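Chain and residue survey
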Amino acid sequence: MSSSDTSAASAASARETTEGTVYTVTGGDWDEVVETAQRSDDERIIVNMGPQHPSTHGVLRLILEIDGETVTEARCGIGYLHTGIEKNLEYRNWTQGTTFVTRMDYLTPFFNETAYCLGVEKLLGIEDQIPDRASVIRVLLMELNRLSSHLVCVATGGMELGATTIMIYGFRDRELILDAFELITGLRMNHAYIRPGGLAQDLPPGAVDQIRELVKKLRKNLPEYDALATGNPIFKARMQDVGYLDLSGCMALGATGPVLRSTGLPHDLRKAQPYCGYETYDFEVPTADTCDSYGRFLIRLEEMRQSLRIVEQCLDRLQPGPVMVADKKIAWPAQLAMGPDGLGNSLDHIKKIMGTSMEALIHHFKLVTEGFRVPPGQAYAAVESPKGELGAHVVSDGGTRPFRVHFRDPSFTNLQAMAAMCEGGQVADVIVAVASLDPVMGGVDR
Amino acid sequence: MSDANGTAGEGVNPEKELSAENLPGQRGDGGEEIRVQRGMFGADNGGDTSGYGGLVRSVRLPGASNRPYGGWFDEVADELEGALEEQGLLPGNAIGKTVVDRGELTFHIEREHLVRVATTLRDDPALRFELCTGVSGVHYPNDKGRELHAVYHLRSITHNRLIRLEVGAPDGDPHIPSLVPVYPTNDWHERETYDFFGIVFDGHPALTRILMPDDWQGHPQRKDYPLGGIPVEYKGARIPAPDQRRSYS
């Protein structure tokens, strides 16, 4: 880089030191900035929205070029929440992987876990051996999770329009669902409950009753969102025809989920490429034909009702049985129980492996320290998350650790559509459009 | 790789003699070698005193499949080959190999023909893979001459199908044509793969880093890029950083 090059004045200059390369980042030349500003139209300014603005769904940075109230160009700056989960997975064994992937899109932990586990199970070739009870519980948790994710979307979306009541209602109902998750998995979020081969443990006593109670409460509460928002003229005025993206736009930009279904295409992986036995459940795929934020809102409301239907069907078909594959080379050997210092191995199990069976002890030790081996190859498993197609591309090199795991997160892909939805619209509509995409930065940045 | 009665220091491959169908990772001599495993416990500094240190095993990815592939796979392969022939392109030149594994169909595409193949897959009414779910990179340091792989999953909503395209590029010349003109959704996905693997997608409108900071050096998802980390103390014991722990692979 030549120092006489004036355009390079604002670029970071590099200097080699003993500690590595040091970059000196400086601002532009103020005289130049002022001069450029004077030459340009004084109504046209560039605004950074975020990364700390409360209406940007986490650390999302929107870079808007606005002319008066009109957005002429919109771009996203992402990466503020990048945590290197995909890299970290390569240094843990296959079972530990669920602990990481559950933290990707933190509003849809069970979907992340299921996509990952379905991929690993495909690599192992044990899809047919997953016990029915494990699949039913997976579906049950995923559908409850779909409700909680949609509730956050509706709640925060409402709050961004100034409707704080809907926000309070949404988080109230989500909290009920998280209580059920806490009872079942021990945690409100980041569960690591779904494991390759099945589940970490069975449902605890009282879980089915609590979920039945929960379904009853939600059936009572869900109409409140309709009453508050669906027919509300202010709500409709803010949402209708905002964030428009038609079918060809969705296809080109890879948008899936409610965004795609708001164009009238009933594409849902639960119907198109069923997994976990979804083909045996009775539910509808709601669509809208408005291609706008309001259509997506209505779809989310209807999907919540459909999810409740699926949850009820799950509860009805829960049969006692194992929740982990019978293959002892894969099934995690632990028997978890609540101890004085929290959840851990049950004392009975430890007594058995330490006291009576040396083979069981060796087996336990090998599985826990080494983990199981997965035959080399690659697999792609996709699930319909509340946001769209969540795909896990899982590669094994025959070892006890993933060789490569890539998540195709729907938030990441859908967020690309932000520019197409916002350019040419009003600044205030950017927030509505982004909210209708429902991006979660944990999933976008991973 | 040594033969069955390998000399000392060369190691012994037990699977030559064993009927090893049940051993994971055993694919005979077919497929593509991605790794040679030595010993059993991942220690390569003489720390493995178990007596298994001399084991040598070749780890292979599934190799090319022969016709018939089964199900709709043949239909897609026929249509694709026919459509490429119509455009005056020999299918054998564009499609390096076709792999059917675990119920999934993978076409390994030569990188110079990737855009043509993707356009055909998208536009041909009998193929119609209208949705691309993005690109994922994989770094195989031992796959000499094509260390970097870009993996695309294409979904056809019309026909309800999913296929995979895989393109390889050498470390020394990490260029793959961009699919953004065909599938605009790959814009961010290709930036991500560039960011993490250093694959340069020629023709991308603005190939910059997307998740790592702009002035980051190196491409973190490559296998030669260290994970980093510091040892932590837990109940008096010192637990090494994740990339310093023993690997059993």
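Residues numbered from 1 in each chain as written. Chains lettered and ligands numbered in written order. Predicted model: local features only at pLDDT ≥ 70, side-chain atom pairs only at ≥ 80, totals over all residues. Heavy atoms only, no water.

For the record, the criterion: UniProt positions are given in the numbering used here, feature names are shortened, and annotations may be inferred rather than shown by experiment.
Per an unreviewed UniProt entry, chain A is named NADH-quinone oxidoreductase subunit D, and its organism is Streptomyces prasinus. In its Sequence similarities (unreviewed entry) section, the UniProt record describing chain A reads: "Belongs to the complex I 49 kDa subunit family." Its UniProt record gives chain A a comment under Subcellular location (unreviewed entry), which states: "Cell membrane".

Structural notes on the pairing of strand β11 (residues 388-396) of chain A
Residues and elements named next belong to chain A. For clarity, the threshold we go by: Note on classification: 1.4 Å probe, protein chains only; a residue is buried when its accessible area is under 20% of the maximum for its type, exposed when over 50%, partly exposed between these limits. Secondary structure counts use DSSP, requiring at least four H or I residues in a row for a helix and at least two E residues in a row for a strand, with both numbered from the N terminus. Pairs of strands are assigned from DSSP output, requiring at least two bridges between the strands.
Summarising burial for β11: 9 of the 9 residues are buried, a large majority. Bridge count for strand β10 (residues 377-385) against β11 is 9 bridges, and the pairing is antiparallel. By the bridge assignment for β11, Val 383 is matched with Leu 390. Pairing of β11 with strand β12 (residues 404-408), which is carried by 5 bridges, proceeds in the antiparallel orientation. Looking at the pairing, His 393 lines up with His 406 of β12.

Considerations on the packing of aromatic side chains
Residue and element names in this part refer to chain A. Our working rule: Ring geometry is summarised as follows: Phe, Tyr and Trp rings, the Trp one being its six-membered ring, pair when their centres sit within 6.5 Å, and such pairs are stacked at plane angles under 30 degrees, edge-to-face over 60 and tilted between the two. Charge over a ring is defined by NZ of Lys or CZ of Arg lying within 6 Å of the ring centre and within 35 degrees of the ring normal.
Counted according to the given criterion, the structure contains 9 aromatic pairs over all chains. Through a chain of ring-to-ring contacts, three or more aromatic side chains come together here, namely Tyr 275, Tyr 278, Tyr 281 and Phe 283. Note that Arg 317 overlies the ring of Tyr 281, its terminal NZ or CZ placed 4.0 Å from the centroid. Seen from the ring of Phe 412, Arg 446 lies directly overhead, with NZ or CZ sitting 5.0 Å from the centre.

Points about the environment of Gly 96 of chain B
Residues and elements named next belong to chain B. Note the following rule: Any two residues whose heavy atoms approach within 4.5 Å at even a single point are treated as in contact.
By the secondary structure assignment, Gly 96 is in strand β3 (residues 95-101). Judged by its relative accessible area of 46%, Gly 96 falls in the partly exposed class. Sequence separation between Gly 96 and Gly 82 is 14 residues, and the spatial gap between their C-alpha atoms is 16 Å. Excluding anything up to four places from it in sequence, Gly 96 contacts His 108 and Glu 110.

Let's talk about the packing of helix α13 (residues 347-355) of chain A against helix α14 (residues 358-369) of chain A
All names here are of chain A. We apply this condition: For helices, the fitted line uses only the C-alpha atoms of the stretch in contact; every axis is such a line through C-alpha atoms, and the angle between N-to-C directions lies from 0 to 180 degrees. Reported orientations rely on four angle classes, namely roughly parallel under 35 degrees, roughly antiparallel over 145, roughly perpendicular from 65 to 115, and oblique for the rest. Under the scheme applied here, ten amino acids are nonpolar (Ala, Val, Leu, Ile, Met, Phe, Trp, Tyr, Cys and Pro), four are charged (Asp, Glu, Lys and Arg), and all others, including Gly, are polar.
Taken N-terminus to C-terminus, the directions of α13 and α14 make an angle of 115°; their axes are 6 Å apart at the nearest point. Compared by their axis directions, α13 and α14 come out roughly perpendicular. Of the residues in α14, those touching α13 at His 349, Ile 353 and Met 354 are Ala 360, Leu 361 and His 364. Of the residues that constitute the contact of α13 with α14, the class distribution is 4 nonpolar, 2 polar and no charged.

Things to note about the pattern of salt bridges
Residue and element names in this part refer to chain A. Which entries qualify depends on this criterion: By definition here, a salt bridge exists when the distance from a side-chain nitrogen of Lys or Arg to a carboxyl oxygen of Asp or Glu is within 4 Å.
Applying the stated rule across the entire model yields 38 salt bridges over all chains. Across the pair Arg 172 and Asp 173 runs a salt bridge whose closest N-O atoms are separated by 3.0 Å. Accessibility expressed as a relative area gives 32% for Arg 172, which makes it partly exposed. Between Glu 370 and Arg 373 there is a salt bridge, and its shortest N-O distance comes to 3.9 Å. Exposure remark for Glu 370: the relative accessible area of 8% places this residue in the buried category. A single network of salt bridges, built from pairs that share partners, joins Glu 143, Arg 146, Arg 261, Asp 268, Arg 270, Glu 303 and Glu 384.

What about the sheet that holds strand β6 (residues 148-156) of chain B?
All names here are of chain B. Here we have 5 strands laid out as an open sheet, ordered β3-β4-β7-β6-β5, and mixed in their pairing. Lying at the two open borders of the sheet, with one neighbouring strand each, are β3 and β5 (131-139). Going across the sheet, the axis of each strand differs from the next one's by a mean of 20°, ignoring polarity. Here 6 bridges tie β3 to strand β4 (residues 104-109), and the two strands are oriented antiparallel to one another. Its bridge partner being in β4, Asp 101 is matched across the sheet by Glu 104.

A few points about the interface of chain A and chain B
Under the convention used in this document: Put simply, buried area is the surface a 1.4 Å probe can reach on two separate parts but cannot reach once they are joined, added for both. Polar contacts, as counted here, are pairs of nitrogen or oxygen atoms within 3.5 Å of one another; within protein the pair requires one atom able to donate a hydrogen and one able to accept it, and residues that are adjacent in sequence qualify only if both atoms are side-chain atoms.
Across the boundary between the two partners, chain A contributes 56 residues, which contact 64 residues of chain B. Interface area for chain A against chain B, summed over the two sides, is near 5,000 Å², with a carbon-plus-sulfur share of 54%. By the criterion of area lost to chain B, the three top residues of chain A are Lys 87, Pro 376 and Gln 378 of chain A, representing 13% of everything that side buries. Put simply, chain A and chain B have 4 salt bridges between them. Linking chain A with chain B are 25 residue pairs in polar contact (both at pLDDT 80 or more). At 5 residues, the largest contribution of residues to the side of chain A that touches chain B is made by β10 of chain A. Considered class by class, the residues forming the side of chain A that touches chain B number 22 nonpolar, 19 polar and 15 charged.

A closer look at the nonpolar core
Worth spelling out the cut-off: The nonpolar core is taken to be a set of buried Ala, Val, Leu, Ile, Met, Phe, Trp, Tyr and Cys residues, with the residues joined through side-chain atoms within 4.5 Å.
By size, the foremost hydrophobic cluster in this structure holds 86 residues, and its most contacted members are Tyr 193 and Phe 407 of chain A. With 11 residues, helix α5 (residues 132-160) of chain A is the single largest residue contributor to this core. Discounting chain neighbours no more than four positions away, the residues touching Tyr 193 of chain A are Phe 110, Glu 113, Ile 137, Leu 141, Ile 184, Thr 185, Leu 199, Ala 200, Gln 201, Asp 202 and Leu 203 of chain A. Formed by 72 residues, the second largest nonpolar core is a distinct cluster that contains Ala 74 and Ile 78 of chain A together with Leu 114 and Ile 157 of chain B.

Remarks on the sheet that holds strand β3 (residues 44-49) of chain A
Consider a sheet: its strands pair through backbone hydrogen bonds, and that pairing is either parallel or antiparallel. All names here are of chain A. The 3 strands lie next to each other as β3-β4-β5, forming an open sheet whose pairing is antiparallel. Two strands bound the open sheet, and with one partner strand each, they are β3 and β5 (70-77). Between one strand axis and the next, the sheet turns by 20° as a mean value, whatever way the strands run. Relative to β5, strand β4 (residues 61-67) runs antiparallel, the two sharing 7 bridges. Note that in β5 the partner of Glu 65 across the bridge is Glu 73.

With respect to a nonpolar patch on the surface
Residue and element names in this part refer to chain A. Defined as follows: Two distance rules govern patches: like charges are joined within 9 Å, and nonpolar side chains (Val, Leu, Ile, Met, Phe, Trp, Tyr) within 5 Å, applied only to residues with over 30% relative accessible area and no salt bridge. Reported accessibility uses the Shrake-Rupley method at a 1.4 Å probe radius. Residues are deemed covered only where the shown protein chains occlude them.
Nonpolar side chains collect at one region of the surface, where Leu 347, Ile 350, Met 354 and Leu 361 lie side by side and expose about 390 Å² of accessible area between them. Counting residues per element, the nonpolar patch draws most heavily on α13, which supplies 3 residues. Residue class for Leu 347 comes out exposed when judged on its relative accessible area of 67%.

Description of helix α4 (residues 109-124) of chain A
Heads up, the condition is: For a helix, the expected span equals 1.5 Å multiplied by the number of residues minus one.
Taking 1.5 Å as the rise per residue, α4 of chain A with 16 residues should run 22 Å; its terminal C-alpha atoms sit 22 Å apart, in good agreement. Taken from the residues just after α4 of chain A, Gly 125 of chain A is the one with a positive phi, measuring 75°.

Looking at unusual backbone geometry
The omega torsion across Arg 67 of chain B and Pro 68 of chain B is -10°, close enough to zero to call that bond cis. Among the structural elements, Pro 68 of chain B can be located in the loop between β2 (56-61) and α1 (73-86). Positioned with a positive phi, Asp 438 of chain A is a non-glycine residue whose angle comes to about 55°. Along the polypeptide, Asp 438 of chain A turns up in the loop between α17 (427-437) and α18 (441-445). Residue Lys 235 of chain B is not a glycine yet carries a positive backbone phi of 50°. Its location among the elements puts Lys 235 of chain B in the loop between β10 (232-234) and β11 (237-239). You can call Lys 235 of chain B exposed: its relative accessible area is 72%.

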